[in-house]
Amino acid sequence: MALPLIETYPSWVIVSISMSRSDRTTTTRDVRVHQLEFSVDWPPGHAAAYVIPGDEPILVDAGTPGERGAEELRAELGDHGYDPSDIEHVVLTHGHADHVGQTPTLVEAGSPTVYAPRQIRDRYERDMETVAEQTRTNLLEAGLEPEYLDSASERLLSARRTVRESLPADAVDVWIDDEPFTVGTREVEPIYSPGHHISHFCFGTTLDGERVVFSGDMAMEPFRAPALLVNFDDGVEDSVRTFRATLERLKTYQFERVFPGHGPVHDRYQECLDRSIADLESKLDRCLERIESDRATAFQIASERAGTKRGISRIFAETVGLVGYLEDRGDVRSVLEDGVRFYERN
């Protein structure tokens, strides 16, 4: 998840998903999958990566950037008898910094084959100046006061630069699309699952007869990742619609065990998807209730939901997606006035 724009989670989340270090190896019959934890500054306090052991060890996701992330990578791998140079394959679920951050360390330490969603490459092809201009336009349209445009835009662009530095295009050996692919000797089914991020994939595979999924920031317990999709680039208003469609599509799959990007490994795949759908519906209802009382911008709605300036930044992009979904559904209409979009009840 990307820190500047994530939802604020209640304090009970931290308690209910905390795990001791000894709990972080999961045996799927004969295969022991090791969970690595990287520190983040939001609940549940970690981003997860996973080592699938074998003749060619596979790492799913690559932790957080920076020196702290590098130290944690070495320590976490060392706890399970590995060194960064032992990793033969690195498979990345999506282009957020807390999931690709230590790719340079792994590439420098050895010569792993790196697999990443092709949508990341597509995003890199966009000129950063164009992205910056569109980001400012979209922030203003969503109702952000002009005096905050520079700082908000710079924060979002800084996150993009961090990803590009952590995962330069020339570090990727295989660009993942919808076609199944082989990692070493393991067959992997990619499931394109945008909504949290435009590049997001879940990866299904079989470990000793058990169907499992490395789900990235989908199907997590007990919370839902925010619908960010593109942050405030073109398409921000489509985030919730895309997320909702992805959840319904993921429900057509069956998995016995889930290895998520945050939180504990679990066996409640369908329940987590249902909970995420219910949470989105609840937030849509609350946005609609607010608009019924008086017309509002996305920023005004986010402000009232969050209660604090810091809280606004964490839910702002998703709120744009929520009101965009309500408009698509015909519940509200919008009008653009001097570059600012207001929503009112149909």
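Note that this is a predicted model, so its numbers are computed, not measured.

1. So, the overall build of the protein
Secondary structure assignment for the protein yields 11 helices and 14 strands. For 346 residues, the compact-globule estimate of 2.2 N^0.38 gives 20 Å, and the C-alpha radius of gyration of the protein, at 20 Å, lies within 12% of that figure. Overall size of the protein, expressed as C-alpha extent along the three principal axes, is 60 × 40 × 35 Å. When burial is assessed residue by residue, the protein has 55% of its 346 residues classed as buried. For the protein, contacts bridging at least 24 residues in sequence account for 68% of all contacts bridging at least 6.

2. Points about the nonpolar core
Counting residues in hydrophobic clusters, the biggest one holds 48 residues, and the most contacted among them are Leu139, Phe232, Tyr269 and Phe316. Grouped together as the second largest cluster of nonpolar side chains are 21 residues, Leu92, Tyr124, Val163 and Val172 included.

3. A closer look at the side chain of His99
Tracing the chain through its elements places His99 in helix α3 (residues 97-100). Of note is the side chain of His99, whose polar atom sits 3.4 Å from the side chain of His262.

4. Overview of the packing of helix α6 (residues 128-141) against helix α7 (residues 149-166)
The geometry of α6 relative to α7 is characterised by a closest axis approach of 10 Å and an angle of 140° between their N-to-C directions. By the angle between their axes, α6 is oblique relative to α7. As α6 runs across α7, the sense of the crossing is right-handed. Contacts from Met128, Val131, Ala132, Thr135, Arg136, Leu139 and Leu140 in α6 reach Leu149, Asp150, Ala152, Ser153, Leu156, Leu157, Arg160, Arg161 and Arg164 in α7.

5. Description of a negative patch on the surface
The grouping of Asp55, Glu56, Asp83, Asp86 and Glu88 at the surface amounts to a negative patch. Summarising the element assignment, Asp55 is placed in the loop between β3 (46-52) and β4 (58-60).

6. Thoughts on the sheet that holds strand β10 (residues 201-207)
Spatially, 5 strands are ordered β8-β9-β10-β11-β12 in an open sheet, and the strand pairing comes out mixed. Each having just a single partner strand, β8 (181-183) and β12 (257-260) make up the two edges of the open sheet. When strand polarity is set aside, the average angle formed by the axes of neighbouring strands in this sheet is 30°. Here β10 runs beside strand β11 (residues 210-216); their pairing, made up of 5 bridges, is antiparallel. When the bridges of β11 are listed, Thr205 appears paired with Val212.

7. Brief notes about the pairing of strand β14 (residues 340-345)
As paired elements, strand β13 (residues 332-337) and β14 share 6 bridges and run antiparallel to each other. Residue pairing for β14: Glu337 is matched across the bridge by Val340.

8. Comments concerning the packing of helix α8 (residues 239-250) against helix α9 (residues 269-293)
The interhelical angle for the contact between α8 and α9, taken along N-to-C directions, is 155°, at an axis separation of 10 Å. Between α8 and α9, the angle is such that the two are roughly antiparallel. Regarding α8 and α9, the two cross each other, and that crossing is left-handed. Together, Val240, Phe243, Arg244, Leu247, Glu248 and Leu250 of α8 and Tyr269, Leu273, Ser276, Ile277, Leu280 and Glu281 of α9 make up the contact between the two elements. Looking at the contact of α8 with α9 residue by residue, the class counts come to 8 nonpolar, 1 polar and 3 charged.

9. Digging into the pattern of salt bridges
Pairing between side chains of opposite charge can happen when their charged atoms approach one another. Counted according to the given criterion, the structure contains 29 salt bridges. With its nearest N and O atoms 2.8 Å apart, the salt bridge here joins Arg118 to Asp122. A residue pair is termed a helical-turn pair when its members lie 3 or 4 positions apart in one helix, as Arg118 and Asp122 do in helix α5 (residues 118-124) at 4 residues. By relative accessible area, which is 27% here, Arg118 ends up partly exposed. Taking the relative accessible area as the measure of exposure, Asp122 reaches 30% and is therefore partly exposed. A salt bridge links Asp279 to Arg224; its shortest N-O distance comes to 2.8 Å. Here Asp279, found in helix α9, pairs with Arg224, found in the loop between β11 and α8; they are 55 residues apart in sequence, far enough to count as distant. Each member of the salt-bridge network shares a partner with another, and the members are Arg244, Glu248, Glu281, Arg329 and Asp331.

10. Looking at unusual backbone geometry
In this chain, Pro43 is followed by Pro44 through a cis amide linkage whose omega measures 10°. Relative to the elements of secondary structure, Pro44 occurs in the loop between β2 (31-39) and β3. The peptide bond linking Glu221 to Pro222 adopts the cis configuration, its omega dihedral lying at 5°. Assignment of secondary structure puts Pro222 in the loop between β11 and α8. The phi dihedral of Asp61 is positive, around 70°, even though this residue is not glycine. Positioned with a positive phi, Leu229 is a non-glycine residue whose angle comes to about 60°. Assignment of secondary structure puts Leu229 in the loop between β11 and α8. According to the relative accessible area criterion, Leu229 is buried, its value standing at 4%.

11. A look at the packing of aromatic side chains
Counting across every chain of the model gives 11 aromatic pairs. Between Phe201 and Phe203, the aromatic rings sit 6.2 Å apart at their centres with planes inclined by 5°, giving stacked as the arrangement. Judged by its relative accessible area of 3%, Phe203 is buried. Grouping aromatic residues by their ring pairs yields a cluster made of Tyr115, Phe181, Tyr192, Phe201 and Phe203. Cation over ring: Arg295 sits above Phe342, and NZ or CZ is 4.2 Å from the ring centre.

Criteria and cut-off values
Residues numbered from 1 in each chain as written. Predicted model: local features only at pLDDT ≥ 70, side-chain atom pairs only at ≥ 80, totals over all residues. Heavy atoms only, no water. Helix = DSSP H or I, 4+ residues; strand = E, 2+ residues; numbered from the N terminus. Rg over C-alpha atoms; globule rule 2.2 N^0.38 Å. Buried < 20%, exposed > 50% of the residue type's maximum accessible area, 1.4 Å probe, protein only. Contact = heavy atoms within 4.5 Å. Core = buried A, V, L, I, M, F, W, Y, C linked by side-chain atoms within 4.5 Å. Polar contact = N/O pair within 3.5 Å; in protein donor to acceptor, adjacent residues only side chain to side chain. Axes fitted to C-alpha atoms, helices over the stretch in contact; angles between N-to-C directions. Parallel < 35°, antiparallel > 145°, perpendicular 65-115°, else oblique. Left-handed = near helix turned anticlockwise from the far one by under 90°. Patch = residues over 30% accessible without salt bridge, like charges linked within 9 Å, V, L, I, M, F, W, Y side chains within 5 Å. Areas by Shrake-Rupley, 256 points an atom, 1.4 Å probe, with all protein chains shown as cover. Salt bridge = Lys/Arg side-chain N within 4 Å of Asp/Glu carboxyl O. Lys, Arg positive; Asp, Glu negative; His and termini not counted. Charge placed at Lys NZ, Arg CZ, Asp CG, Glu CD. Pairing = 2+ DSSP bridges. Nonpolar A, V, L, I, M, F, W, Y, C, P; charged D, E, K, R; others polar. Phe/Tyr/Trp six-rings, centres within 6.5 Å; stacked < 30°, edge-to-face > 60°. Lys NZ or Arg CZ within 6 Å of the ring centre and 35° of its normal.

Purely geometric stuff here, so don't read any function into it on its own.
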